[in-house]
Amino acid sequence: MIDSTFRAAPGRALAGARPGVWLAFAFLALIVVASAAPGLLAHGSPDAADPLRTLQPPGAGHPLGTDQNGRDLYVRIVYGTRDSVLTGLGATVLALGAGVLVGGLSALGGRAADAVLMRAVDALLAIPGLVMALLMITALGGGTVNSMIAIAVIAAPGYARLVRAQLLVVRRSGYAEAAVALGRPPVLIAVRHLLPNALPPVLLLATLGSGAAIGATAALSYLGLGPAPPAPQWGAMLQQGQEYFSLAWWTAVAPGAVLTLTVLSLTVVGQYLQKLPAGRLER
Amino acid sequence: MSAAPVAEPAVVAVPAPARTGYRRRILTRLGHALIVLWGAVTFTFAALHLIRGSVVDAIIGNNLQVTPEIRAEVERRYGLGEPLWRQYLHQTGSLLRGDLGESYQLSMPVSQAIREQVGPTLTLMATAITLAGAVSLVLALATAGRSRWVRGPFAALEATAVSVPQFWLGILLLTVFSFGLRWFPVIGTGPGALVLPAVTLALPVAGVLTPVMREGVERALEEPFVVTARARGASEWIVLSRHVLRHALIPAVTLLGLLAGALTGGAVIVEQVFSRPGLGRLLVTAVTGKDIPVVLGTVLVTALFYVTVNLVVDLLYPLIDPRLRD
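Just so it is clear, the structure is predicted and the values come from calculations on it, not from any experiment.

Trainee: What should I look at first to understand the overall build of chain A in this one?
Mentor: In terms of regular secondary structure, chain A is built from eleven helices and zero strands. Along chain A, from the amino end to the carboxyl end, the secondary structure elements read α-α-α-α-α-α-α-α-α-α-α. For the C-alpha atoms alone, the extent of chain A along its principal axes is close to 75 × 50 × 30 Å. Sorting the 283 residues of chain A into buried and exposed places 51% on the buried side. For chain A, the share of sequence-separated contacts (at least 6 apart) that also reach a separation of at least 24 residues comes to 69%.

What follows is the structure in structure tokens.
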């Protein structure tokens, strides 16, 4: 529900501005490279400590400075990309799967199923996102996989609602009625005709939602509920460096700035993609 | 307001149905809210029993050695030996009596712990929503109907305000204004210590509210009553404040219900970043300490808050916007 609010509201003009969109795509390409092959962007180990050079400010040798253990922040940020980004993406994929299942059953499974499932979705939405994630972490325990599941539980109800709404629209279209008239089995109609046409707006929402999910997993790590200490995950880096922010501002700025740029790029790209179908229709 | 009078012969019959309509609306919304709350209670109960291994171990703490007597005592006190459906009925029954159970770590009733911590959180949220509302209103009025060159930078700011992870925004403000410039105390309970947390909580909300309000203002500016007011010779200020504002506020009020959830989640983060007392701190401490009764109690209180705010917004809506009364 929150996701769809955020989708409608911010920064329309930014998405329309070409340079912003290109910058966002370029940054996301960089993120993909850093996730797939961090060795291409950074040399050295993210865990190489140097007790003689702790909390060094940005400068030659250490472009973003060093942390409390003398580890190079740039190398750690590059190597932490995969964990930071994939947890959020994984959560989004899980949430999408659950959303398609619940939304599909709700739209196509008859009135009783619809009533029960949608009330359940309402009930899940009544528990604020982060509070829900903390409840799931209490039940499942911390760590990367469990925070992925926790974030998926937050996002899934929104997707379920949108899938249901889309399916209800698509079901009334001519090709769907034709398929019914031809006597095709209902499951086949749902998978072949209804879902492919209902999904595009859902996938667009997922682009924006994956940004929110990446931010949320970082927040859980910041609360100390993410991966265990040596892992260079962005949120976890901010949690471990907390006591040194007053001494070394760069330890607070660098990981958060990369995180923010990632979420912002996904927002910008998502808003840009949302405008595309209209443009395609004009042509 | 000054809606065009429709030629309606049965004027006398109008007030009565409108009123029963509103009463029925109250009842259906109330029923819906209760069902949603019951669903949240059921889900929380189910989540508790997802815990891997025994619930008793989770309550005692995995690293602690306890005598079998204490273990039996814990089991008895939480009714954990009973079949699931009895535990469920028992818990739901206690909740209806306002009994949230006993905190294992704080050794006090959960309801007392929550009552002690709810004040600072409500202060924080109220300050933040006021701030966000004021900033959004000013920005919306200032940028409505302006050229691309004025709106572009503001739109970029709004997208950034929404995208920036709240905990990092807090860290950044803390590093710059408390550690660096020393304008505000790092921790404390005075009004000075409320500024940065409230700003952190308010900024993303303002990022959502501003475009919505601006759209409301722009739509209202095209209405015939604005033309009429201008033709009467009303100044631009009068047009905006007396005629346009009301219309711009209506969509924002609808959003308030949704923002209640975002504000609660944000408060958890903000309290952690700024080491403020409050429900969020209570919850995070309970999660890390596996203090399950406190986790459940806090979750249910936030759900109750969310449902109540949405119910109130739903019922106030027709009072704010007379067009929705029937």
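Trainee: For this particular structure, what's the right way to read the UniProt feature "transmembrane region" (unreviewed entry) in chain A?
Mentor: Residue and element names in this part refer to chain A. If you check UniProt for "transmembrane region" (unreviewed entry), the listed places come out as residues 21-41, 85-108, 120-139, 145-163, 202-225 and 247-273 in our numbering. What you have in residues 202-225 is 88% helix and 0% strand, and the ends, taken at the C-alpha atoms, are 29 Å apart. The span residues 247-273 is 93% helix and 0% strand, and its two end C-alpha atoms sit 42 Å from each other.

Trainee: What is the right way to read the confidence of the model for chain B from this model?
Mentor: Caution is warranted with low-pLDDT regions, since their predicted coordinates should not be read in detail. Residue and element names in this part refer to chain B. Looking at chain B, pLDDT values average 80 and 87% of them are 70 or higher. Across chain B, element-level confidence peaks in helix α5 (residues 110-143) with a mean pLDDT of 90 and bottoms out in helix α2 (residues 55-60) with 67. Throughout residues 1-16 the model reports pLDDT below 50, and contacts reaching past four residues in sequence, or to other chains, amount to one contact. On the interface metric, ipTM, the complex scores 0.81, and its pTM is 0.83.

Trainee: What should I look at first to understand the packing of helix α4 (residues 73-108) of chain A against helix α9 (residues 186-222) of chain A in this one?
Mentor: In a pair of packed helices, the angle between the axes and the distance between the axes together describe the arrangement. Residues and elements named next belong to chain A. Across the interface, α4 lies against α9 with an axial gap of 8 Å and an inter-helix angle of 145°. By crossing handedness, the relation of α4 to α9 is classed as right-handed. On the side of α4, the interface is formed by S84, V85, T87, G88, L89, A91, T92, L96, G104 and L108, while α9 contributes A190, A206, G209, S210, A213, I214, T217 and A218. For the contact of α4 with α9, the per-class residue count stands at ten nonpolar, eight polar and no charged.

Trainee: Help me understand the UniProt feature "transmembrane region" (unreviewed entry) in chain B, please; the structure alone is not making it clear to me.
Mentor: All names here are of chain B. When the UniProt feature table is mapped to this numbering, "transmembrane region" (unreviewed entry) covers residues 30-51, 122-142, 154-177, 183-209, 248-274 and 294-317. The span residues 122-142 is 100% helix and 0% strand, and its two end C-alpha atoms sit 30 Å from each other. Structurally, residues 248-274 is divided into 96% helix and 0% strand, and its ends, taken at the C-alpha atoms, are 34 Å apart.

Trainee: Would you mind going over the packing of helix α8 (residues 192-221) of chain B against helix α10 (residues 236-273) of chain B with me for this structure?
Mentor: Residues and elements named next belong to chain B. Running from N to C, α8 and α10 point in directions that differ by 160°, and their axes come no closer than 9 Å. On the basis of the axis angle, α8 is roughly antiparallel to α10. Judged by the twist between their axes, the crossing of α8 over α10 is right-handed.

Trainee: Help me out: how do you make sense of α5(B) in this one?
Mentor: Since the α-helix turns once every 3.6 residues, residues separated by three or four places project in the same direction. Residue and element names in this part refer to chain B. Between the first and last C-alpha of α5 there are 47 Å, a value that for 34 residues agrees with the 50 Å anticipated at 1.5 Å per step. Helix geometry: α5 is bent most strongly at V118, by close to 35°, with proline P120 lying one to four residues after it. Immediately beyond the C-terminal end of α5, within one or two residues, lies G145, with a positive phi of roughly 70°.

Trainee: Hey, could you run me through the interface of chain A and chain B in this one?
Mentor: On the chain B side, the residues contacting the 48 residues of chain A number 55 residues. When contributions to the side of chain A that touches chain B are tallied by element, the ones reaching two or more residues are α1 (2-8), α2 (12-16), α5 (111-126), α6 (129-140), α9 and α11 (249-282) of chain A. By residue class, the composition of the side of chain A that touches chain B is 34 nonpolar, eleven polar and three charged.

Trainee: I'm lost on unusual backbone geometry in this one. Help?
Mentor: Excluding glycine, most residues fall at negative phi; most peptide bonds, likewise, are trans. The phi dihedral of B:S275 is positive, around 50°, even though this residue is not glycine. Note on placement: B:S275 falls in the loop between α10 and α11 (279-288).

Trainee: Sorry, what's going on with the environment of B:G39 here?
Mentor: Residues and elements named next belong to chain B. Examined against the element boundaries, G39 turns out to sit in helix α1 (residues 15-48). Classification of G39 as buried rests on a count of 21 C-beta atoms within 10 Å. With 49 residues separating them in the primary sequence, G39 and Y88 have C-alpha atoms 12 Å apart.

Trainee: What is the right way to look at the confidence of the model for chain A in this model?
Mentor: All names here are of chain A. A residue-level look at chain A finds 91% of positions with pLDDT of 70 or above and a mean pLDDT of 83. The element-level mean pLDDT for chain A is lowest in α1, coming to 39, with α4 highest at 92. In this model, residues 278-283 is a region of pLDDT below 50 whose contacts with residues beyond four sequence positions or in other chains number zero contacts.

Trainee: Looking at this structure, I do not really get α9(A). What am I missing?
Mentor: Between its first and last C-alpha, α9(A) extends only 46 Å over 37 residues, short of the 54 Å set by a 1.5 Å rise per residue. Trailing α9(A) by a residue or two, A:G224 shows a phi angle of about 85°, which is positive.

What counts and how
- Residues numbered from 1 in each chain as written.
- Chains lettered and ligands numbered in written order.
- Predicted model: local features only at pLDDT ≥ 70, side-chain atom pairs only at ≥ 80, totals over all residues.
- Helix = DSSP H or I, 4+ residues; strand = E, 2+ residues; numbered from the N terminus.
- Buried ≥ 20, exposed ≤ 12 C-beta atoms within 10 Å, placed from the backbone.
- Contact = placed C-beta atoms within 7 Å.
- UniProt positions renumbered as here; feature names shortened; annotations may be inferred.
- pLDDT = per-residue confidence, 0-100.
- Axes fitted to C-alpha atoms, helices over the stretch in contact; angles between N-to-C directions.
- Left-handed = near helix turned anticlockwise from the far one by under 90°.
- Nonpolar A, V, L, I, M, F, W, Y, C, P; charged D, E, K, R; others polar.
- Parallel < 35°, antiparallel > 145°, perpendicular 65-115°, else oblique.
- Expected span 1.5 Å × (residues − 1).
- Bend = angle between axes of the 7 residues up to and from the residue.

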